[in-house]
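# Summary of structural features
Here is what each chain is made of, one letter per residue.
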Amino acid sequence: MPRQYPYYLKSTVIMLGLILFVFIIFTLREILVPVCFSVLIAILLNPLVNRLQARKVGQVASIVIALLIAFIFIAGVGYFLSRQIAGFTDQLPLMKQKLEQMIGQLQQSISQRFNIGVDKQQAALRDAGQNVKPWLSSTAGTVMNSLATMFLLPVYAYLFLYYKTLLLTFLYEVFTEDHYKDVGVVLKQTKGAIQSYMFGLLIEALIVAILNSLTLLFPKALRMI
């Protein structure tokens, strides 16, 4: 008969385990975040890799082709976004002029209502800008780390796709033979949920992009008419 432990002892062990788990996740976040994204990419590309292998394409070639297709798709989305941003930058001089006018009007209003001179307001803005510089430098460092992580994602995804048989075998070996069927069901449901969720996000992003493009192009079409 298994030994029954008191409730307070079990709850304490569970709480300590949760705290230790969160601490480990927080400490290893720089490693675990790209690994998790790589797992998602590998799960999304796995059906394509399986289809290519079914057509007698080698495993390495199938993985490389799938990653290239994913890269081309992401590059296409990036090109579309860059074109939209380029069109937005054309309006920056006009927006800058209007912003300067609004700031001037706001400063005059503050000067009249609160009796704070424009010079004092500008000095306060300069001080705020000096305080923002360290934050900008740390943000730039974070962006560079994110870019470096993006270059590692294809490598991790390739390794997950290449060694997926070994990884699945390891997961099965962790449990006893009586639970092999349950493990297979959980893995299949997890893979299906992730693929459906990501596919739904892609459809949502496509619909939003189409609606935004139509909204931006509609006034231009009216002016041309």
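As a starting point, this report considers the structure included with it. (Residues numbered from 1 in each chain as written. Predicted model: local features only at pLDDT ≥ 70, side-chain atom pairs only at ≥ 80, totals over all residues. Heavy atoms only, no water.)

### Details of the overall build of the chain
- Looking only at helices and strands, one finds seven helices and zero strands in the chain.
- When the helices and strands of the chain are placed in sequence order, the string is α-α-α-α-α-α-α.
- Residue burial in the chain is summarised as follows: out of 225 residues, 9% are buried.
- When contacts within the chain are restricted to residue pairs at least 6 apart in sequence, those whose partners lie at least 24 apart make up 59%.
- Carbon and sulfur atoms form 71% of the exposed surface of the chain, whose accessible area is close to 18,800 Å². (Helix = DSSP H or I, 4+ residues; strand = E, 2+ residues; numbered from the N terminus. Buried < 20%, exposed > 50% of the residue type's maximum accessible area, 1.4 Å probe, protein only. Contact = heavy atoms within 4.5 Å. Areas by Shrake-Rupley, 256 points an atom, 1.4 Å probe, with all protein chains shown as cover.)

### Structural notes on unusual backbone geometry
- With phi around 70°, Lys56 is a residue other than glycine that occupies positive phi space.
- Mapped onto the secondary structure, Lys56 falls in the loop between helix H2 (29-54) and helix H3 (59-89).

### So, the side chain of Lys164
- Note on placement: Lys164 falls in helix H6 (residues 164-174).
- Of note is the side chain of Lys164, whose polar atom sits 2.8 Å from the side chain of Asn50.
- Residues in contact with Lys164, not counting those within four places in the same chain, are Asn46, Val49 and Asn50. (Polar contact = N/O pair within 3.5 Å; in protein donor to acceptor, adjacent residues only side chain to side chain.)

### Quick word on the packing of aromatic side chains
- Here the structure, examined in full by the defined rule, presents two aromatic pairs.
- Ring centres of Tyr158 and Tyr162 lie 5.9 Å apart, and the angle between their planes is 15°; this geometry places the pair in the stacked category. Here Tyr162 and Tyr158 lie together in helix H5 (residues 118-162), a separation of four residues that amounts to about one turn.
- Judged by its relative accessible area of 24%, Tyr158 falls in the partly exposed class.
- Both rings, one in Tyr162 and one in Tyr163, keep their centres 4.8 Å apart while their planes meet at 85°; by these two values the pair is edge-to-face. (Phe/Tyr/Trp six-rings, centres within 6.5 Å; stacked < 30°, edge-to-face > 60°.)

### Remarks on a nonpolar patch on the surface
- Judged by side-chain polarity, Val60, Val64, Leu68, Val155, Leu159, Tyr162, Tyr163, Leu166 and Leu167 come together as a nonpolar surface patch covering roughly 760 Å² of accessible area.
- Elements with a minimum of two residues in the nonpolar patch: H3, H5 and H6.
- Structurally, Leu68 is set in helix H3.
- You can call Leu68 partly exposed: its relative accessible area is 48%. (Patch = residues over 30% accessible without salt bridge, like charges linked within 9 Å, V, L, I, M, F, W, Y side chains within 5 Å. Salt bridge = Lys/Arg side-chain N within 4 Å of Asp/Glu carboxyl O.)

### Some points on H2
- Taking 1.5 Å per residue, 26 residues should reach 38 Å; H2 reaches 37 Å between its end C-alpha atoms and fits that length.
- The sharpest bend along H2 measures roughly 40° and falls at Leu45, with the proline Pro47 sitting one to four residues further on.
- Where H2 is concerned, the buried positions are Pro34, Ser38, Ala42, Ile43, Leu45, Asn46, Val49 and Leu52.
- Backbone geometry just downstream of H2 places Lys56 in the positive-phi region, at approximately 70°. (Expected span 1.5 Å × (residues − 1). Bend = angle between axes of the 7 residues up to and from the residue.)

### Side note on the layout of surface pockets
- Approximately 580 Å³ is the volume found for the second largest pocket.
- Val39, Ile43, Leu168, Leu171 and Leu187 are, among the 18 residues lining the second largest pocket, the residues nearest its centre.
- The set of elements that each furnish at least two residues to the lining of the second largest pocket consists of H2, H5, H6 and helix H7 (180-224).
- Broken down by element, the lining of the second largest pocket gets its largest block of residues, seven residues, from H6.
- Class assignment of the residues belonging to the lining of the second largest pocket gives a composition of twelve nonpolar, three polar and three charged. (1 Å grid on protein atoms, 1.4 Å probe; cavity = no way out; pocket = protein on both sides within 12 Å on 5 of 7 lines; lining within 4 Å. Points joined across faces, edges and corners; volume = space filled by probe spheres on them. Nonpolar A, V, L, I, M, F, W, Y, C, P; charged D, E, K, R; others polar.)

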